[in-house]
Structures are given as structure tokens and as C-alpha cells.
Amino acid sequence: MATETKLRQLADKGCPVYYFYSSERYLVRQAVARASKLLAEGEDEETTVLDGATPEIEQLIMAAGTISFFGTRRVVLLPEVDPAAYSDKDLDELCATLASLENAVVVLGSVFELERNKLKLGKRAQKLVAQCTKVGFAEELAKPKPYELKVMMMDRAKAQDTTLSEGTAAALLERCGEDPFLLENEVDKLCALSGYQTVTTAMVAEMGTVSLEADVFEMTRMITAKNATGACKKLQALLRLQQEPAAIIGSYVDLYRVKLGAAKRKNYNTVFKDFGYKGSDYRLKRSAETASHYTLPQLEACMQILLELDKSLKSQPVSAQTLLETALCRLAMAGGRR
């Protein structure tokens, strides 16, 4: 994402168009809001917002052509524009308007779907990107990587005069997942809990928002280390939260898939694409690390245990907790470190 310095440089040069697009809606909203705030800095005028996928071209022309009372260029936002929703004629008119701005700066945002881990840009989207690049600035916003999220959390804590180490940030990332909004809220909560002193991993473990995926991974690691007692305790906590056993089975399916991929010299990124996973590949990266402690026959034995568990859960009158605890103990015996 463009830095504030970069955006200021563009603004100082009189850049008339800023276009931000991504598969992640929160990134687009964040970038559009940041750019519009910087462009309207020190001005008393309100920013004109044209919502929706296809703001009317006439509205844009009117907003862009109105002369500011303060002698400054008006800021016009199109935060959720969808180029594919316009006709060819209207998109041509939109591009022509962006090329002839005099009294306004236009900030646009778009969200596109991913296809095989790349943005799916149709012809109209490509045309709008090309036009914005030609007359102003266009940027594809990539989803933050885990190390970028850790830096973000550490900086947010620092802004509140609170210490949050890289190790603690990693623990928070593992527990809560990769949603930046959730992570920001968690950092704010933990900073307050620490009395704005130092956030510790113990605080994260005690007060961090429970992530089913993180807890299942933790339980899987305990099984891998043949810590059946710890795994059963974690299972009981998940059951109290009314989490579905399917999450445990799904975790082992991930392990099996990446192990099969490794046997064919395919890394977890290829497995992620071939099986059509959504979101980040971080989940499979962690699965690949855990799967390295298993042989393929061990994982096949684990999958058989889970198949039997699934059948038992659907057919036997025994409590789900008893069946699950028994399965976890069998998994610890069947798998584990070599």
C-alpha cells in the first residue's frame, strides 16, 4: 500500500486521480479513506461521496465541475465502483471525465474476485486501471503478509505508549487469525488490559479472542507431540464453546493434502490453488509445518481413525465428547513424532 509520503508527493504534484483495487474490501476502504483524508486536509469543505457500483456519470461531472468556494479542488469519492457494471459507452464517458478534471480530485475504489490467487480483472476493469494509471495513480492492494501484520500490531501498540514484542504479536496472530480489523481491536483491548505498559503472551492466551482454527491447530500440535492429555483439555474447551468436530477432521484433511503434495514435489501454495481454498494460504503453510512430523502412512492411519469417528458420531448413542477423546488418544498413538 502506498505510504503517506508517496500520497503527499502525488498530491503536491497535482495528481487528479487515485484508484485502489483489491480482493479485500477492508484494504480498499482503508486506502480510499486514507487518501481522501490526506487530500482534504486543512479544508473546510466536505468531500462528495458517490456510493454504489455505478455512480451516475452526470453526478460525477457535476461534482467534479463545481468550482470550490475556497479556491481548492474538490475531493470526489467513488468508493465501491464496479467497472463491469457499466456499459461500454458509460465506461468510456467515465474514463473521459477522469482525463479532463479541472476542479476536482477523484478517488476510486474497487473490489474484485480472486481466480487462482490472482485478481480477476475483466476488460472493463483493465480499461479503468489503464486510464487511471495514465492520468493519475492506480494501485493493486495485496493482502498483508503475516510479518506485515505483526509490524502493524507492534506499531499500533507503540502509538498507545505500550510495548508489544514480536513474539507476542506472533502469538496474537496465531490465536486470532489474519483479519486486520480484529487484530487492531485485540491490540487496543490488550493495551488497556496491560495498563498501557507491556502486553504479554499470557495476556493473549487469557484474553485473546478465541479462533477456532488457531485452537484446532494447537490441539493438532499437541497430538503430534503425543500430548493426549493436553489435547483432550483443549477439546473440552472447544466443546464448551459448541464447536463442531468437523473442524478437527478438516485440520487433518489439510495435513494429508499437503503431505500428498509434498510427495509429488508440490508445495503448499500449489495445493492451495489446486483444491480451491479461499482467503490466505497461511493455513496450509502451518499445515505443511505440522505435516513434516508425519509419514504418509501415519497420516493415512489418522484419516482412517477420523473416518471411524465420523461414522460413530452419526450412529452410536455414546456421547460425542467420549468418542472424540477416544479418537484423540488413538491419533496420538497413530501419529506423532518419528
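Scroll up to find the structure.
Positions within a chain are numbered from 1, following the residues in the order the chain's sequence is written. Local features in this predicted model are restricted to residues of pLDDT 70 or higher, and side-chain atom pairs are both shown and tallied only at a pLDDT of 80 or more, whereas totals for entire chains, interfaces and linings draw on every residue. Side-chain measures here rest on the full set of heavy atoms in the structure, leaving out hydrogens and waters.

(A) A look at unusual backbone geometry. The phi dihedral of Tyr196 is positive, around 55 degrees, even though this residue is not glycine. Strands here mean DSSP runs of E at least two residues long; helices mean DSSP runs of H or I at least four residues long; both are numbered from the N terminus. Here Tyr196 lies in the loop between α8 (180-193) and β9 (198-199). Here's how the labels work: a residue is buried when its accessible area is under 20% of the maximum for its type, exposed when over 50%, partly exposed in between, all with a 1.4 Å probe on protein chains only. Overall, Tyr196 belongs to the partly exposed group, its relative accessible area being 40%. Here Arg265, not a glycine, exhibits a phi torsion of approximately 60 degrees, which is positive. With respect to the secondary-structure elements, Arg265 resides in the loop between α12 (246-263) and α13 (268-274).

(B) Focus on the nonpolar core. Core analysis: the biggest nonpolar cluster contains 28 residues, and Met219, Ile223, Tyr252, Tyr294, Leu328 and Leu331 have the highest contact counts within it. Counting only elements with at least two residues in this core, the list comes to α10 (212-224), α11 (228-240), α12, α13, α14 (282-291), α15 (296-315) and α16 (320-334). Per element, the largest residue contribution to this core is 6 residues, and it comes from α16. Tyr19, Leu60, Leu94 and Ala125 belong to the second-largest nonpolar core, a separate cluster that totals 26 residues. The set of buried Ala, Val, Leu, Ile, Met, Phe, Trp, Tyr and Cys residues whose side-chain atoms join them within 4.5 Å is what this entry labels a nonpolar core.

(C) Structural detail: the packing of aromatic side chains. Centre distance within 6.5 Å is the pairing criterion for rings of Phe, Tyr and Trp, where only the six-membered ring of Trp is used; planes under 30 degrees apart are then read as stacked, over 60 as edge-to-face, and the remainder as tilted. Overall, the coordinates contain 3 aromatic pairs when judged by the stated rule. Aromatic pair Phe20 and Phe137: ring centres 6.2 Å apart, planes at 70 degrees, arrangement edge-to-face. You can see Phe20 sitting in strand β1 (residues 17-22) and its partner Phe137 sitting in strand β7 (residues 137-140), a full 117 residues away along the chain. Phe137 carries the same exposure label as Phe20, and that label is buried. Among the aromatic residues, those joined into a cluster by ring pairs are Tyr19, Tyr21 and Phe112.

(D) Representation of the sheet that holds β1. For two strands to be treated as a pair, DSSP must find at least two bridges joining them. With respect to topology, 5 strands assemble into an open sheet ordered β2-β3-β4-β1-β7, the strand pairing being parallel. In this open sheet, the two edge strands, each paired with only one partner strand, are β2 (48-49) and β7. Strand direction decides the pairing type here: β1 and strand β4 (residues 104-111), joined by 6 bridges, are parallel. Each bridged residue has a counterpart across the sheet, and for Ser22 the counterpart in β4 is Val111.

(E) How the structure looks around a negative patch on the surface. Where like charges cluster on the molecular surface, the negative patch consists of Glu56, Glu58, Asp90 and Glu93. Counting through the fold element by element, Glu58 comes out in helix α3 (residues 57-65). Any residue with relative accessible area above 30% and no salt bridge may belong to a patch, with like charges joined within 9 Å and the nonpolar Val, Leu, Ile, Met, Phe, Trp and Tyr side chains within 5 Å. Note on areas: Shrake-Rupley, 1.4 Å probe, and residue coverage restricted to the protein chains presented here. A pairing counts as a salt bridge when a side-chain nitrogen of Lys or Arg comes within 4 Å of a carboxyl oxygen of Asp or Glu. As used throughout, the charge tally considers Lys and Arg to be positive and Asp and Glu to be negative, leaving His and the chain termini uncounted. All charge positions are set by atom: Lys at NZ, Arg at CZ, Asp at CG, Glu at CD.

(F) Layout of α15. The end-to-end C-alpha distance of α15 is 29 Å, a good match for the 28 Å that 20 residues give at a rise of 1.5 Å each. Among all positions of α15, only Gln298, Leu299, Cys302, Ile305, Leu306, Leu309 and Ser312 are buried. Around the axis of α15, the buried residues are gathered within 135 degrees of arc, so they sit on the same side. Residues of α15 that are exposed and point more than 90 degrees away from the buried face comprise Pro297, Lys311, Lys314 and Ser315. A helix is expected to span 1.5 Å for every residue after the first. In this description, the arc belongs to the directions extending from the helix axis to the C-beta atoms.

(G) Looking closely at the environment of Asp274. Its location among the elements puts Asp274 in helix α13. Residues Asp274 and Arg116 lie 158 residues apart in sequence; the distance between their C-alpha atoms is 8.3 Å.

(H) Layout of the pairing of β7. Side chains Phe137 and Glu139 project from β7 onto a buried face, and the interleaved Ala138 and Glu140 project onto a face without burial. As judged from the 4 bridges shared by β1 and β7, these two strands associate in the parallel manner. Looking at β7, one finds that Phe20 is bridged to Glu139.

(I) Broad picture of the pattern of salt bridges. Under the defined criterion, the tally for this structure stands at 9 salt bridges. Between Glu166 and Lys150 there is a salt bridge, and its shortest N-O distance comes to 3.8 Å. Of this pair, Glu166 sits in helix α7 (residues 166-176) while Lys150 sits in helix α6 (residues 146-159), and the two are 16 residues apart along the sequence. On the basis of relative accessibility, which here comes to 49%, the residue Glu166 falls in the partly exposed class. Between Asp188 and Arg156 there is a salt bridge; the shortest N-O distance is 3.0 Å. Residue Asp188 is found in helix α8, and its partner Arg156 is found in helix α6; the two are separated by 32 residues along the sequence. The class for Asp188 is partly exposed, based on a relative accessible area of 24%. Within the structure, one salt-bridge network assembled from shared partners comprises Arg156, Glu184 and Asp188.

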